[in-house]
Amino acid sequence: MRSVDSWLDRFAYRHPKFGIPNLMYFIIAGTVAVFLLDQFSSGTFSLLLDFYPVAIFHGQIWRLITFIFVPQSDRIFWFIISMFFYAFLGPFMEREWGAAKFTLFYACGIVLSVLFGLLSYLLTRTMLPTASMYYVNLSLFLAFATLYPDAEMRFYFVIPVRAKWLALFYVFLMLWDIIQTPTMYLFLLLPMRLPSILASLVNYVLFFWSYLTPYFRRFRHQSSRQTINFKKAARDVKKEKGYLHKCAVCGITDADDPNMEFRYCSKCNGYYCYCMNHINNHVHIQ
């Protein structure tokens, strides 16, 4: 997995022209256009663009792309909220990653949604749409929360909440979409929702595997003797030096700023620590 994560970064770095600048604004513009057309056609326009595998296999191949513009809500209030949500997170992640990597992230989400959607149809033969970009779009928030877990955001534009807690709330809602489905409708709706959920999660893991592996290792070894000894060693080092973590770029330590978070870069050749201001903004040491 780490090789895939690194390969994606290298591909985006070596092919900067692959990116589509302001991609999310184009997605939003297309979605708004479809939403407005639906208001005058009672939703008929979305039916012509949505991901119906049975129609795709009968030659309507444009649905492999046009489904990304289909609105996921017909209620104007929630539609406007979602558009503001995407208009903030999309450009922010593009500035953080660069247009090439952000475009690659979104393109991988589309490809995975198509693959899982077609697989769902082949297994269930459902006549309903089996893919959407709803969960892939929401996974932008997981991406933001992974990079900036302590960033303060306004829930419903009012309540201040840290990004990491909202990310957990998003995961809960994603699971709740399945749990709360009545049993009698589960086999009808699961082929529609599950492919998009899987596509968003797989896409997220592909791009953030290097961020997730330390947590997996910590969980796996949390009760081992080695982990206990490591914690004791960390306390001894902090007592001896006066700090435990020190940024390899600016030199700030956890003693200078107890609220600063530190990360170790998996792409550097060695054991180099960086503060949150430089973990995504440094030259990798090879």
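Up top is the structure.
Summarised in this report is the structure supplied together with it. What you see is a predicted model, and the numbers here were worked out from it, not measured in a lab. (Residues numbered from 1 in each chain as written. Predicted model: local features only at pLDDT ≥ 70, side-chain atom pairs only at ≥ 80, totals over all residues. Heavy atoms only, no water.)

### Observations concerning the packing of helix 6 (residues 76–97) against helix 7 (residues 99–124)
Here comes step 1: Where helix 6 contacts helix 7, the axes come no closer than 6 Å and their chain directions differ by 125 degrees. As summarised for this structure, helix 6 and helix 7 are arranged oblique, according to the angle between their axes. Where helix 6 approaches helix 7, its residues Gly-90, Met-93, Glu-94 and Trp-97 are matched on the opposing element by Ala-99, Lys-101, Phe-102 and Phe-105.
Here comes step 2: The residue inventory of the contact of helix 6 with helix 7, partitioned by class, reads five nonpolar, one polar and two charged. (Axes fitted to C-alpha atoms, helices over the stretch in contact; angles between N-to-C directions. Helix = DSSP H or I, 4+ residues; strand = E, 2+ residues; numbered from the N terminus. Parallel < 35°, antiparallel > 145°, perpendicular 65-115°, else oblique. Contact = heavy atoms within 4.5 Å. Nonpolar A, V, L, I, M, F, W, Y, C, P; charged D, E, K, R; others polar.)

### Here we look at the side chain of Ser-139
Here comes step 1: If you trace the backbone, Ser-139 turns up in helix 8 (residues 134–147).
Here comes step 2: Setting aside anything within four residues of it in sequence, one finds Ser-139 in contact with Phe-105, Tyr-170 and Ser-200.

### Some remarks on the packing of aromatic side chains
Here comes step 1: Evaluated as defined, the whole model comprises 21 aromatic pairs.
Here comes step 2: For the pair Phe-88 and Phe-144, a centre-to-centre distance of 6.1 Å together with 65 degrees between the ring planes defines the contact as edge-to-face. With Phe-88 in helix 6 and Phe-144 in helix 8, this residue pair connects regions lying 56 residues apart in the sequence.
Here comes step 3: Classification of Phe-88 by relative accessible area gives partly exposed; the value is 41%.
Here comes step 4: Each ring, one from Phe-92 and one from Phe-144, has its centre 5.1 Å from the other, and the planes form 70 degrees; the classification is edge-to-face. On the criterion of sequence distance, the pair formed by Phe-92 in helix 6 and Phe-144 in helix 8 is long-range, its members being 52 residues apart. (Phe/Tyr/Trp six-rings, centres within 6.5 Å; stacked < 30°, edge-to-face > 60°. Buried < 20%, exposed > 50% of the residue type's maximum accessible area, 1.4 Å probe, protein only.)

### Describing the pattern of salt bridges
Here comes step 1: In the structure shown here, the tally under the stated rule is two salt bridges.
Here comes step 2: With its nearest N and O atoms 2.7 Å apart, the salt bridge here joins Lys-101 to Asp-9. Of the two residues, Lys-101 sits in helix 7 while Asp-9 sits in helix 1 (residues 2–14), which places them 92 residues apart along the sequence. Assigned by exposure class, Lys-101 and Asp-9 land together as buried.
Here comes step 3: Of the charged contacts, one joins Arg-263 and Glu-261 as a salt bridge, the two residues approaching to 2.9 Å between their closest N and O atoms. (Salt bridge = Lys/Arg side-chain N within 4 Å of Asp/Glu carboxyl O.)

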